[in-house]
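Next come the chains, spelled out residue by residue.
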Amino acid sequence: MRLSRRRLLQASGAVAATGLVPSRFAIGQSAKVRVGLLLPYSGTYAALGHNITDSMKLAFAAAGNKLGGREIELVQVDSEADPAKAPANTNKLIVGEKVDFITGPVHSGVAMAMVKIAREEGTIAIVSNAGANAVTREMCGPNVFRTSFSNWQVCQPMGAEMARRNLKRVVSVTWNYAAGKEMIGAFREGFEKAGGTVVKEILVPFPNVEFQANLTEVAALKPDAVYAFFAGAGAVKFVKDYADSGLKARIPLYGAGFLTDGTLRAQGAAAEGVLTTLHYADSLDTPQNRSFREAFKKATTRDADVYAVQGYDTAQLLIQAMDKVKGDTKAGKALIAAMEAVQFDSPRGRWTFSKSHNPVQDIYLREVRNGDNAVIGIAQKAVADPAKGCGIA
Amino acid sequence: MDPAAFAIQLLNGVQYGFLLFLVAAGLTLIFGILGVINLAHGSFYMIGAYFAYWLTARTGSFPLALVLALPVAALLGWAVERFAISFLYARDHLHQVLLTYGLILIFNELQRIVWGNDVHGVPLPDALAGTLALTELQSYPVYRLVVSGLCVAVALGMYAVIHTTRLGMTIRAGASNREMVQLLGIDVKRLFAIVFSAGAALTALAGMLSAPINSVYPGMGESILIISFVVVVIGGIGSIKGAFLGAMLIGLADTFGKVLLPDQAGMVVYGLMAAVLLWRPRGLFGAGSA
Amino acid sequence: MLRLPRPILVLLLVAVAAIAVVPLVGERFHVQLVTQMMVLAIFAMSLDLLVGFTGLVSFGHAAFYGLAGYALAILTRDAGLTSMAVTLPLTLVACGLAALAIGALAIRTAGIYFIMVTLAFAQMVYFFFNDARDYGGSDGLAIYTKPQLAFGETMLLSLQNRTTFFYVTLAALVATFCFLRALLRSPFGHVITAICVNEARTRALGFPVARYKLASFVIAGVLAGLAGYLGAAQFGIVNPAHLGWRESGRALMVVILGGTGTLFGPALGAFVFLLLEDVLSGLTEHWLLLMGGFVIAVVLLLPNGIAGALLRVARVPPSAGEGARSRPDAPALRVVASNDAPILETEGLGKRFAGLVAVNYVSLSFASGKVHAVIGPNGAGKTTFINLLSGELPPTTGSIRFKGKDITGFSPDARSRLGIGRSFQITNLYPSLSCLQNCWVAAQSRQSSSMRFFRAAARLDDVRARAECALTRCGLAERSDDLASTLSHGERRRLEIAMVLATEPELLLLDEPLAGLGAQESREVVELLAGLARDHTLILIEHDMDAVFAIADTLTVLVNGEVIATGPVQQVRSDPAVQQAYLGHEEAAA
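No experiment lies behind these values; they were computed from the predicted model shown.

Caption draft 1: Up close: the overall build of chain C. Of regular secondary structure, chain C possesses 23 helices and 14 strands. Projected onto the principal axes, the alpha-carbon positions of chain C cover approximately 90 × 55 × 55 Å. Buried positions account for 53% of the 590 residues belonging to chain C. Considering only contacts in chain C between residues 6 or more positions apart, those separated by 24 or more positions represent 75%.

Okay, here's the thing in structure tokens:
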């Protein structure tokens, strides 16, 4: 189904009214469809968790708060983005709350636990952010879907793009953790295939944000460009330090989209001219995106971002697939087939699932202009993750 | 590494060390004199940074924000000492750890309720926003040099207070032997309150000064907490001199660790701490009671 | 402190029984949740062994918990091992070795420095797994095949089955509790408890303190490994976050919340803590605010944790008859023939502190079976001299012979084992232990079996007998079950002497045994010393001249670190040099 702009705007009023009280102890009827949200509502990633949650509520409200004719009950658990607590939290949702679907999380370490337990228990899992490649590769399964991206997917297209721009020698910088390594690895794959050389991979201990030593190293290496991945406060700090150190004027900065997403206001002028790739951009000039952003703003008074879009698409997946099976959460194969067949007409553009249940989507090339991620082209159309090691692909 | 790069890395390390010193100085005083392990110390750092962000946005001037926020931070430190910490002097370290951990949770949640979950930058006045060229490629932000200068000023100021005033004498005596201060008939309650709020204000100042560099974000207090404990312990609890040396050591070890041992960079500072403590079990300048 | 009041014991038994029926009545989720609680309880008890019983506050205990998970994951993935009979022992050995390596280095430090060193090592282990590409980095590893126990082709246990897993964990929990209780009641347990209460005194009694601490650290590490093994097997996920300081901190919270040094407290704390997290996180988005408030309330209102509150409620006043187990005719501990052969000789003994001469070339011979008093004005070097004899201080010059054997280079504990007992000027007891336990620890320092973890009953009866005997001789039999902290000043001094006696010394070094005592207390101690003189050699430093003249056989006068007179009491007393240099001075001052 497609959402009209008007229905979305009506829904946004409803979300604002219901507010944000986690409803884990809400009295449920067996007839309700229980959707679990394993997202960070406290700690460093709380902003991401809230945006995903609110856009899901927005989409559900627009659909009359029903899935295939049945009432929806959201069950939220604060993941605290803590992998140590992830197994217990997942268990709480799947076994304790007996949710029909589990969605989330933000953190890849949490995703590993969520997907593993969901596979063992047979609950349908929809990963709405974490980009760990393994989710739709080694750990993939019929009941595991992802509406966000794989780390490989968003970074690999930049390799060819930079080679096209005649950049030969590149230094990469990221945190020494799994997501960072996967993103840099994907970029490197694309870049070297197109003939470029990564002269040095700099890994900064996570979550250290003291970059001066590394920037001095970059200056000494004199590469043609720098490719970086950081997120949140690390991204703000890195981009500002990079500009302050005077490197930006001589060595252009490229990166994964998260480097400049949700951080531009804090980065200010330092981010101007930074080029990134991502499966979304705030400024995408499509009717779907405009009406979504307007509705989100109205509902939450905050600006939508890529995380909100992913939450929105997660809700769309549930709405459309459940419509098809008429709300029968026990439909098993039919339900999964319905989910696989969903055609997304998303704020990020049209996309579908690959065989490994990862989005096949366009990756945009964006440049920061006047404090905004302006879309200057599509780095690669319909990118599909290679899904190495996935049994169902 | 060529000499120029080495010199710049040295500068980077020293500069990082200065920032660490500012946080560690307050911690080591509270530790040494009050005998309190204050896990909530990082919260003052965070609160300082958020005050800087909030007041800069209100007043439009970063320096003015500093001037306004500093007394507020000191007052907050006083309140925390008076209404929470002061119950713990007779208790063992474990209770202090637990109570101040509870404070961290509360401060973090209050921060989120008041200021939300977003990352915010703090703009600098134009006069401080420039850079100095170091090499043809790299330049150095003026503001970082200003921060280093301020740190030196604070360090010298502390040195002057501690070595020339009566209060300083009491503090020195207290840091090397807590019982003695009590025996000397000094108003311990007042001394503790002064030291705690001064320590909190110093740490908040560190947070404010680093806000334009690091930006402000939820959870920033914990990121600085562990590393400043490392600094204090390396230097020896209660020793300002030790905190200074420890901060420099950690600043340099972190900087050169990243360059020379990139694969073990995360371990370097902890390895350094372990090595120092095995060599000198009470830190470099550790005095009496721990 | 390990004797549990009956109501608590009943409560624990009921709790275990209640847990055991959870799989029969509860939902699957409850089974899983209680399993998590039990795993955390094992982990918390292992930490309590360090924090509450050995006095070692570790801020890196999660390193062993997480390491065990990684060991299991790696054994399963890379070696294809799934049998519990193989993976569990290997995992525990790995944790034990890691604890041995980390502990050997960490116990060189103390107090807050120990906290930070353990943190440092744990962080290094954390970064090792976080940065290692082969082990999944920050995303961690999954365990796809859960451990099982098979005999031949018959499957005995499979942890894949959640009910089996539940009961295996329950068994592990009960076993850990019983193991730790037995351990703490063993000779070894007495010593680590003594270290926790008063480390300096324990060292002076002759225990190799470092070895005990290390052994405790290793045992705690292995038990944390057991918890980690079960924790990783439960959900099949290991992540570097399991090793991080937050998890170590969380375990400390649980231990403190439950009540340190009670063993059952931290176990209860684990249940309460997880239940609380579960409930609070469902109440509001800002649940950490409530958690923080709760934590602060516990610190302020329940300083001894949940266990402390329970014990206060359940504490039955000790029955009157229990304490009175005195023996009217206490046998002499050791009969020493009084002959004139020297038991201790010093030759040219000297001690210099940074240019200041405290003891200058003292050559003395102390006959066996006599009471020797060393007197002298303040600052004459008397305490330094005693410290040289007991080994507390190394001499700058000269040598010391005990029964003809050169002991100059011997440590205090080695001298103590040879038969030189020493009492301290400032009483140096274990305030939170009973009088009997104080002496018990002292008596046990004579046993080579203290490192044994479990009781050899016969040997222990012997230890108990000696402890009781020492108490009786010092007139404290009535108070044997009272805490040392409840004693009067004079009683403490007598307990101090009883502790020295319990080590069965031949030679007692007494540093001002009468200092600060009232007239009546003083008389009692003098009487006690006179009794001891019948079967021991005594060297005592004392200011109270009347007491000295009453019991001493010989008198040595030290002035400015030098001996100005030595010999039988009457002879020295009448020595004009002494009269002038010391006694006159003393009388003038008085």
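There is more to say, and it comes next.
Caption draft 2: Structural view of the confidence of the model for chain C. Residue and element names in this part refer to chain C. Residues of chain C with pLDDT of at least 70 account for 91%, and the chain-wide mean is 85. Segment residues 316-338 is flagged for pLDDT under 50; beyond a separation of four residues in sequence, or across chains, it makes 38 contacts in the model. The low-confidence segment residues 586-590, where pLDDT is below 50, has 1 contact with residues more than four positions distant or belonging to other chains. In the predicted assembly, ipTM is 0.87 and pTM is 0.85.

Caption draft 3: Molecular detail of the sheet that holds strand 8 (residues 397-402) of chain C. Residues and elements named next belong to chain C. Within the open sheet, the 4 strands sit side by side as 6-5-8-9. Their pairing is antiparallel. The open sheet terminates on both sides in strands that have one partner only, identified here as strand 6 (356-367) and strand 9 (405-406). As judged from the 5 bridges shared by strand 5 (residues 342-353) and strand 8, these two strands associate in the antiparallel manner. Within strand 8, the residue paired with Thr346 across the bridge is Ile400. Relative to the sheet, helix 15 (residues 382-390) contacts strand 5, strand 6 and strand 8, its axis offset from that of strand 6 by approximately 60°.

Caption draft 4: View of unusual backbone geometry. All names here are of chain A. In this model, Gly104 is joined to Pro105 through a cis peptide bond whose omega is -25°. Tracing the sequence through the fold places Pro105 in the loop between strand 4 (101-104) and helix 4 (108-121). For the bond from Phe206 to Pro207, the omega torsion is 0°, close enough to zero to count as cis. Tracing the sequence through the fold places Pro207 in the loop between strand 8 (197-204) and helix 7 (212-221). For Ala81, which is not a glycine, the phi torsion comes out positive at approximately 50°. Examined against the element boundaries, Ala81 turns out to sit in the loop between strand 3 (70-78) and helix 3 (86-96).

Caption draft 5: Local environment of helix 10 (residues 245-258) of chain C. Residues and elements named next belong to chain C. Taking 1.5 Å of rise per residue, the 14 residues of helix 10 would be expected to cover 20 Å, and the 20 Å separating its terminal C-alpha atoms lies within 8% of that figure. Of all 14 residues making up helix 10, 12 are buried, and the element is well covered by its neighbours. Three or more residues of helix 10 are buried, namely Trp245, Glu247, Ser248, Arg250, Ala251, Leu252, Met253, Val254, Val255, Ile256, Leu257 and Gly258. Just beyond helix 10, the residue with positive phi is Gly259, at close to 115°.

Caption draft 6: Main features of the interface of chain B and chain A. Taken residue by residue, the interface counts 32 residues in chain B and 34 residues in chain A. Broken down by secondary-structure element, the contributors of at least two residues to the side of chain B that touches chain A are helix 1 (3-34), strand 1 (131-133), strand 2 (139-141), helix 10 (240-260) and helix 11 (265-279) of chain B. Sort the elements by how many residues they give to the side of chain B that touches chain A and helix 1 of chain B lands first, with 5 residues. In the side of chain B that touches chain A, the residues fall into 13 nonpolar, 15 polar and 4 charged.

Caption draft 7: The sheet that holds strand 4 of chain A, seen in detail. Residues and elements named next belong to chain A. Taken in spatial order, the 6 strands line up as 2-3-1-4-5-6 in an open sheet, and their pairing is mixed. Each end of this open sheet is capped by a strand with a single partner; those strands are strand 2 (66-67) and strand 6 (144-146). In terms of strand pairing, strand 2 meets strand 3 through 2 bridges, oriented antiparallel. Looking at strand 3, one finds that Lys66 is bridged to Glu71.

Caption draft 8: Inspection of the interface of chain B and chain C at higher detail. The interface is formed by 35 residues belonging to chain B together with 34 residues belonging to chain C. Breaking the side of chain B that touches chain C down by element, the ones donating at least two residues are helix 4 (93-115), helix 9 (220-235) and helix 11 of chain B. It is helix 4 of chain B that contributes the most residues to the side of chain B that touches chain C, 14 residues altogether. Per-class residue counts for the side of chain B that touches chain C are 24 nonpolar, 7 polar and 4 charged.

Caption draft 9: Representation of the environment of A:Glu189 within the structure. Residue and element names in this part refer to chain A. Turning to its location among the elements, Glu189 is positioned in helix 6 (residues 178-193). The class for Glu189 is partly exposed, based on 15 C-beta atoms found within 10 Å. Linking Glu189 and Met158, residues 31 residues apart in sequence, is a C-alpha distance of 9.9 Å. Non-local contacts of Glu189, meaning those with residues more than four positions away in its chain, are made with Gln156 and Gly159.

Caption draft 10: Region of the structure containing the domain arrangement of chain A. Residues and elements named next belong to chain A. Once the domains are mapped, chain A shows domain 1 (5-149 + 285-353) and domain 2 (152-278 + 365-383). Contacts between the two partners involve 8 residues from domain 1 and, on the opposite side, 10 residues from domain 2. Its residues assigned to classes, the side of domain 1 that touches domain 2 comprises 3 nonpolar, 4 polar and 1 charged.

Conventions and cut-offs
- Residues numbered from 1 in each chain as written.
- Chains lettered and ligands numbered in written order.
- Predicted model: local features only at pLDDT ≥ 70, side-chain atom pairs only at ≥ 80, totals over all residues.
- Helix = DSSP H or I, 4+ residues; strand = E, 2+ residues; numbered from the N terminus.
- Buried ≥ 20, exposed ≤ 12 C-beta atoms within 10 Å, placed from the backbone.
- Contact = placed C-beta atoms within 7 Å.
- pLDDT = per-residue confidence, 0-100.
- Pairing = 2+ DSSP bridges.
- Axes fitted to C-alpha atoms, helices over the stretch in contact; angles between N-to-C directions.
- Expected span 1.5 Å × (residues − 1).
- Nonpolar A, V, L, I, M, F, W, Y, C, P; charged D, E, K, R; others polar.
- Domains from an automatic or database assignment.

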